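Here is what each chain is made of, one letter per residue.
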There are 2 protein chains.
Amino acid sequence: MNHVDPTGTVLPSWRPGATRDALVDFLDASSELPTERRLACFDIDGTLWAERPTYAQFDFFVDALGRRVAQDPSLATRVEYAALLPGGSRAALGDLGLARVAMALVELFDGQSPEAFGAEVREFMSRAQHAALGRPLRSTVYVPMLELLAALRERQFTIALVTGGGTEFVRSISSDLYEVPPERVVGTLITYTFARDVQGRPTLRRSAQLDGRPNEGAVKVSNIQAQLGRAPVFAAGNSGGDREMLEWAVSEDGPSLALLVDHDDEDREFRYVGTAETVEEPEAITDVAQRLGWTVASMRSDWASVFPA
Amino acid sequence: MNHVDPTGTVLPSWRPGATRDALVDFLDASSELPTERRLACFDIDGTLWAERPTYAQFDFFVDALGRRVAQDPSLATRVEYAALLPGGSRAALGDLGLARVAMALVELFDGQSPEAFGAEVREFMSRAQHAALGRPLRSTVYVPMLELLAALRERQFTIALVTGGGTEFVRSISSDLYEVPPERVVGTLITYTFARDVQGRPTLRRSAQLDGRPNEGAVKVSNIQAQLGRAPVFAAGNSGGDREMLEWAVSEDGPSLALLVDHDDEDREFRYVGTAETVEEPEAITDVAQRLGWTVASMRSDWASVFPA
């Protein structure tokens, strides 16, 4: 799939204006950079595809829960699962806390091989429908952002996906949706257990423990260095968890750009603003963007189209 | 640099015989594999370049120690450093244990930025001479293995370097020596500290703590999955620390190959055999190779040349 306009116009779904100009200027200026510095890091949920009303990975977890409860109804009595099943309440979810519920969901895959986990994700994504947008989940990707990925790739950028979500969940879809191979997905990892099968061959099994902290905020910066070995000169995000990554991308001399996707389009997608937690007051991420001079993509104003036709 | 013979012969520095035949057969058969499965993992020290009498990273550490002691002579009184400085004794090193000495050396770089560390490595590598082979350290790479990297790359393999050594040390030389970008170096990582400079910009600083366990044995398998997201179908190594990675590479159906470099050439390089630690008796890695049916590259018999001319 080539997202570049066949007429040769770069970023065809971006409306003329200051945001598109900033992106085109950066694309042009990037030729000054040695190719080893051309690293572009993209958040995924809310940056490359829709994240409301729930993350795709959460939908996958709930779907998997339903299938497991069908096989073993006793699972439905566990409070974290009961809150998510039909008849469960949002209030119960809130009382338990999302972190506890998320870790309970991770336990559903305890002992699974990475290959089996990936196959289960791909099976889900082949049939899942978005709860509100009236289209397949895999088709809630943002066309203007796919065009931006393609334009960067044409300019010899290395593209990485940097997500607060599960690394292996994203890896199962990153090639199909974004043409990004698994080694360039940086996310929240679970720990693997090494074992030998009955024939003595090495195998890996998922555990239910995280490997390090969730990949948000300053952790994204450390994990990009740990996994990719260098700092990006371009970063895109949409939430407080992307703040440090975006600041890092524009912290060195030379061409660089930090892009914030602003969800201000309740007609075509959703309207909401994320919050950056600081040592002082929480601050709207759009205010952080303005204060730090980031480029802001208004979904309503800057995008001629949002989703694939 | 193209390591493939201009006449079009693949693996020109590999002498005709069973080992070369096995490699060529694998290269031919790999066209059956979907490209996303074409992952080849190479150990570095003793597999892609010489590791005797000491690892290149150890030479770098000792060189850095000398430069720091010249600036701050008080460092020379620390027992771990005294053992390494001129006049220090091998016996003292043995008493302290290599792990303790290595962590003391890592402390030399505590607080350094990853960029400054990389620059220091590259400066060292630009001038370092091998202690015994009469050539620059950067020129102790094995020509037959460079040809194998090139042949795999031509067949759309993704090449990764999987080292027990420091990830960031190898990343500083991986592009120049092996044409492998930093995100495809899997090694032993130190932890980074996130901080802000006086202007409030994000920076990363090296700590003196490892991030997880040293990348040897079963840890190599877990770390390949964590960082690269899939299992290799080709792996090359030379020591007990590579055993699980080599076994893993040949554990699935379809074309795969495990290659062991056997250091049996005291005339052109060194003669030694690594040991695989098991729950039973330690076993020579060459015996493991024979028992498990790996392909063995005899440096003496299979390689027409060893180092670059």
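Okay, so let's go over this structure. Every value quoted in this text rests on a predicted model; they were computed, and no experiment measured them. (Residues numbered from 1 in each chain as written. Chains lettered and ligands numbered in written order. Predicted model: local features only at pLDDT ≥ 70, side-chain atom pairs only at ≥ 80, totals over all residues. Heavy atoms only, no water.)

It is worth spelling out the interface of chain B and chain A at this point. Between chain B and chain A, the residue contacts involve 29 residues of the former and 29 residues of the latter. Together chain B and chain A conceal approximately 2600 Å² of surface at their shared face, both sides included; 56% is due to carbon and sulfur atoms. For the chain B face of the interface with chain A, the top three residues by lost area are E183, P202 and Q225 of chain B, together amounting to 21%. Across the pair R230 of chain B and E183 of chain A runs a salt bridge whose closest N-O atoms are separated by 2.7 Å. Counting the contacts that link chain B with chain A gives 13 residue pairs in polar contact (both at pLDDT 80 or more). Residue assignment for the side of chain B that touches chain A shows that the elements contributing at least two residues are α8 (167-178), β4 (190-196), β5 (202-210), α9 (218-228) and α10 (243-249) of chain B. Broken down by element, the residue count for the side of chain B that touches chain A peaks at 7 residues, all from α9 of chain B. Residues of the side of chain B that touches chain A, tallied by class, amount to 12 nonpolar, 7 polar and 10 charged. (Contact = heavy atoms within 4.5 Å. Buried area = accessible area lost by both parts, 1.4 Å probe. Salt bridge = Lys/Arg side-chain N within 4 Å of Asp/Glu carboxyl O. Polar contact = N/O pair within 3.5 Å; in protein donor to acceptor, adjacent residues only side chain to side chain. Helix = DSSP H or I, 4+ residues; strand = E, 2+ residues; numbered from the N terminus. Nonpolar A, V, L, I, M, F, W, Y, C, P; charged D, E, K, R; others polar.)

Glancing now at the relation of the copies chain B and chain A. Superposing chain B onto chain A requires a rotation of 180° together with a translation of 0.0 Å along the rotation axis, leaving an RMSD of 0.0 Å. The superposition of one copy onto the other is thereby described by a two-fold rotation axis. Taking C-alpha positions as the reference, the residue of chain B nearest the rotation axis is Q227 of chain B, at 3.2 Å. Residue by residue, 100% of the interface of chain B is reproduced at the interface of chain A, so both copies engage with the same surface. (Least-squares fit on C-alpha atoms with pLDDT ≥ 70 in both.)

With 12 residues, helix α6 (residues 114-125) of chain A extends 17 Å from end C-alpha to end C-alpha; this agrees with the ideal 16 Å at 1.5 Å per step. Among all positions in α6 of chain A, only P114, F117, G118, E120, V121, F124 and M125 of chain A are buried. The buried side chains of α6 of chain A occupy one side of the element, clustering within an arc of 160° when seen end-on. On its buried face, α6 of chain A sits against α2 (56-71), α8 (167-178), β4 (190-196) and β5 (202-210) of chain A together with α9 of chain B. (Expected span 1.5 Å × (residues − 1). Buried < 20%, exposed > 50% of the residue type's maximum accessible area, 1.4 Å probe, protein only. Arc of directions from axis to C-beta.)

Turning to the environment of R78 of chain B, a few remarks are in order. Residues and elements named next belong to chain B. Summarising the element assignment, R78 is placed in the loop between α2 (56-71) and α3 (79-82). Given a relative accessible area of 29%, R78 falls into the partly exposed group. Spatially, the C-alpha atoms of R78 and A104 are 9.3 Å apart, while their sequence positions differ by 26 residues. Excluding residues within four positions of it along the chain, R78 makes contact with A104 and E107. Looking at R78, its side chain comes within polar contact range of the side chain of E107, at 3.1 Å.

The biggest cluster of nonpolar side chains holds 93 residues, and the ones touching the most others in it are F42, M145, Y178 and F234 of chain A. Take this core: its biggest share by element is 7 residues, from α2 of chain A. Of all hydrophobic cores here, the second largest spans 92 residues; its members include A249 of chain A together with L11, L48 and I190 of chain B. (Core = buried A, V, L, I, M, F, W, Y, C linked by side-chain atoms within 4.5 Å.)

Moving on, we get to unusual backbone geometry. Residue P53 of chain A is reached from R52 of chain A by a cis peptide bond, and omega for that bond is 0°. Summarising the element assignment, P53 of chain A is placed in the loop between β1 (39-42) and α2. Although it is not a glycine, L11 of chain A adopts a positive phi angle of roughly 50°. Within the secondary structure, L11 of chain A sits in the segment before α1 (18-29). Judged by relative accessible area, which is 1%, L11 of chain A ranks as buried. Of note in this structure, Q156 of chain B is not a glycine but carries a positive phi near 60°.

What follows deals with the side chain of E168 of chain B. Take E168 of chain B: it is sitting in helix α8. A distance of 2.5 Å separates the side chain of E168 of chain B from the side chain of Y192 of chain B, its partner in a polar contact. Setting aside anything within four residues of it in sequence, one finds E168 of chain B in contact with Q225 and G229 of chain A together with F117, Y192 and R206 of chain B.

Here the focus is the packing of aromatic side chains. Tallied over the entire structure, the rule returns 27 aromatic pairs over all chains. When the centroid spacing of 5.9 Å and the interplanar angle of 55° are considered together, the rings of F26 of chain A and F157 of chain A count as tilted. Of this pair, F26 of chain A sits in helix α1 while F157 of chain A sits in the loop between α7 (143-154) and β2 (158-166), and the two are 131 residues apart along the sequence. Note on F109 of chain A and F117 of chain A: the rings are 5.1 Å apart at their centroids and 90° apart in plane angle, and the pair reads as edge-to-face. Each member of the pair, F109 of chain A as well as F117 of chain A, carries the same accessibility label: buried. Grouping aromatic residues by their ring pairs yields a cluster made of F60, F61, F109, F117, F124 and F169 of chain A. Geometry around Y272 of chain B places R52 of chain B over its ring, the cationic atom sitting 3.8 Å from the centre. A cation sits over an aromatic face here: R206 of chain B above F117 of chain B, 3.9 Å from the ring centre. (Phe/Tyr/Trp six-rings, centres within 6.5 Å; stacked < 30°, edge-to-face > 60°. Lys NZ or Arg CZ within 6 Å of the ring centre and 35° of its normal.)

Remember, this is a structural readout, not a statement about activity or role.
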